[in-house]
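Residues per chain are reported as follows:
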Amino acid sequence: MATTFRDLHYGDEPLLLPNAWDVGSALAFAAAGFPAVGTTSFGVNASTGRPDAAGASKEATVALIHRLRALPVHVTADIEDGFSDDPGAVGELVAGLGAAGVNLEDSAGGRLVDPAIPAAKIAAIKRAAPHVFVNARVDSYWFHEDDTVEAVLARAAVYVEAGADGFFVPGAADPAVLERLAAGCPLPLNVLVVPSLTLAQLRDLGVRRVSTGSLPYRVAIDAAVGVAIAVRDGEEVPSATSYADSQQRLLDFAQLADSGAEAAADALDAGAGADAVP
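Residue numbers here run from 1 along each chain, matching the order of that chain's written sequence. Restriction of local features to residues with pLDDT of at least 70 applies here, the model being predicted, together with a cutoff of 80 or more for giving and counting side-chain atom pairs; totals for whole chains, interfaces and linings are based on all residues. Here the side-chain values reflect all heavy atoms present in the structure, with hydrogen atoms and water set aside.

Draft legend 1. Focus on the pattern of salt bridges. Only one rule defines a salt bridge in this text: a Lys or Arg side-chain nitrogen within 4 Å of an Asp or Glu carboxyl oxygen. The tally for this structure, following the rule as stated, stands at 10 salt bridges. Between E13 and R203 there is a salt bridge, with its nearest N and O atoms 2.8 Å apart. Separated by 190 residues along the polypeptide, E13 in the segment before β1 (15-17) and R203 in helix α8 (residues 199-205) bring together distant segments of the chain. Burial status follows relative accessibility: with a 1.4 Å probe on protein chains alone, a residue under 20% of its type maximum counts as buried, one over 50% as exposed, and anything between as partly exposed. What makes R203 partly exposed here is its relative accessible area of 28%. Across the pair D204 and R203 runs a salt bridge whose closest N-O atoms are separated by 3.0 Å. On the basis of relative accessible area, D204 is assigned to the exposed category, the value being 55%. Beyond isolated ion pairs, a larger network of salt bridges with shared partners links R6, K126 and D165. Put simply, DSSP marks the helices as runs of H or I at least four residues long and the strands as runs of E at least two long, and each gets a number from the N terminus on.

Draft legend 2. Structural detail: the sheet that holds strand β10 (residues 189-192). The nine strands are arranged β1-β11-β10-β9-β8-β5-β4-β3-β2 in an open sheet whose pairing can be described as parallel. In the strand order of this sheet, the two ends are held by β1 and β2 (19-20), each with one partner. One bridge is not enough; two strands pair if DSSP finds at least two bridges between them. Across four bridges, β10 lies against strand β11 (residues 207-211) in parallel orientation. Considered in β11, the bridge of L192 is made with S211.

Draft legend 3. Layout of the nonpolar core. Ranked by internal contacts, the top residues of the largest apolar core, which has 59 residues, are V102 and L181. Of all the elements, helix α6 (residues 149-162) adds the most residues to this core, at six residues. In what follows, a contact means two residues having at least one pair of non-hydrogen atoms within 4.5 Å. When sequence neighbours within four positions are dropped, the list of residues in contact with V102 reads T76, A77, I79, V94, L97, I125, V132, F133, V134 and N135. Take the buried residues of types Ala, Val, Leu, Ile, Met, Phe, Trp, Tyr and Cys, join any two whose side-chain atoms come within 4.5 Å, and each joined set is a nonpolar core. Counting residues in hydrophobic clusters, the runner-up holds six residues, among them L8, L17, A36 and F133.

Draft legend 4. Representation of helix α3 (residues 58-68). Within the sequence span of α3, burial applies to T61, V62, L64, I65 and L68. Taken down its axis, α3 places every buried residue within 165 degrees of arc, on the same side. Check the buried side of α3 and you find it contacts α1 (23-31), β3 (36-39), α2 (41-47), β4 (74-78) and α4 (87-97). The arc in question is the one traced by the directions running from the helix axis out to the C-beta atoms.

Draft legend 5. Examining the packing of aromatic side chains more closely. Aromatic contacts are taken between Phe, Tyr and Trp rings whose centres are within 6.5 Å, Trp giving its six-membered ring; a plane angle under 30 degrees counts as stacked, one over 60 as edge-to-face, and the others as tilted. Using the criterion set out here, one finds four aromatic pairs in the structure. Seen from their ring centres, F5 and F133 are 5.5 Å apart, and the 80 degrees between their planes marks the pair as edge-to-face. One end of the pair, F5, is in the segment before β1; the other, F133, is in strand β8 (residues 133-137), with 128 residues separating them in the sequence. Assessed through its relative accessible area of 3%, F5 is described here as buried. The interplanar angle of 70 degrees and the centroid separation of 6.0 Å between the aromatic rings of F42 and Y217 together place this pair among those described as edge-to-face.

Draft legend 6. Expanded view of the packing of α3 against α4. One way to put it is that α3 packs onto α4 with a least axis distance of 10 Å and a crossing angle of 30 degrees. Overall, the two elements α3 and α4 adopt an arrangement that is roughly parallel. Residues K58, V62, I65 and H66 of α3 lie in contact with α4, whose contacting residues are L93, G96 and L97. In the scheme used here, Gly and all other residues not listed as nonpolar or charged are polar, with Ala, Val, Leu, Ile, Met, Phe, Trp, Tyr, Cys and Pro taken as nonpolar and Asp, Glu, Lys and Arg as charged. Here the contact of α3 with α4 is composed, by residue class, of four nonpolar, two polar and one charged. Every angle, taken between N-to-C directions, lies between 0 and 180 degrees, and every axis is a line fitted to C-alpha atoms, over only the stretch in contact when it is a helix. Working rule for angles: under 35 degrees goes down as roughly parallel, over 145 as roughly antiparallel, 65 to 115 as roughly perpendicular, anything else as oblique.

What follows is the structure in structure tokens.
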């Protein structure tokens with residue numbers, strides 16, 4: 001991965017970031033040639049039977065990221081609001097993830113919080129893990145609270161000052177709004193997929209990253225139900241990646257993950273040995 005995750009935000013085209021909810025979905029995105037894969041808190045929560053945005057995805061997200069580090073692509077984590085009110089704890093969490101980036105939202109319980117709260121967490125992350133790309137999520141349009149360009153840019157400016165590397169405005173879809181947001185902040189603008197706009201059109205508006213969010217998870221669930229209905233009703237059953245190919249992906253990944261764990265253990269042992277030398 002000669003190209004850094006940061007570099008992907010400054011290419012000729014916007015970075016299209018597919019969001020995975022488990023190892024299988026991440027493997028499929030990587031096999032399709034995407035240079036980076038994110039996680040989706042909704043998908044991770046839903047796969048364990050929990051509602052989104054309540055901080056319940058911490059354990060599952062950490063475990064998933066630790067597994068996905070073996071992939072030959074950049075991995076970025078949706079960590080909701082950092083899973084803690086303590087900036088130091090958030091910084092420590094991110095430093096231990098091993099992810100190329102994180103998304104950090106500025107809301108809790110479906111409401112915006114004082115921007116100073118996420119700003120303190122952003123600063124703590126950059127102190128603990130300066131190499132991690134921090135994507136500051138501004139939830140104004142998502143929750144229809146202070147959902148004006150001016151209010152969003154004011155919040156984004158606080159996150160810029162704290163050291164954020166990008167800003168994410170889910171729910172913003174109007175072309176005029178997107179253009180003003182992109183022009184009004186020095187950080188690369190990230191939005192969710194806008195069905196009415198192509199990647200080229202979003203690029204021309206100044207958008208630098210487009211996330212699929214929970215859309216693939218929700219489509220996958222619909223497709224799974226559709227297969228069962230087709231079989232039940234005698235309709236044509238859609239084709240899919242073969243069992244053999246899917247199994248081979250998992251076998252290859254298991255070997256890759258084992259190799260990575262061995263390399264990490266060797267590095268740790270080498271470090272311990274070096275420390276023991278007077």
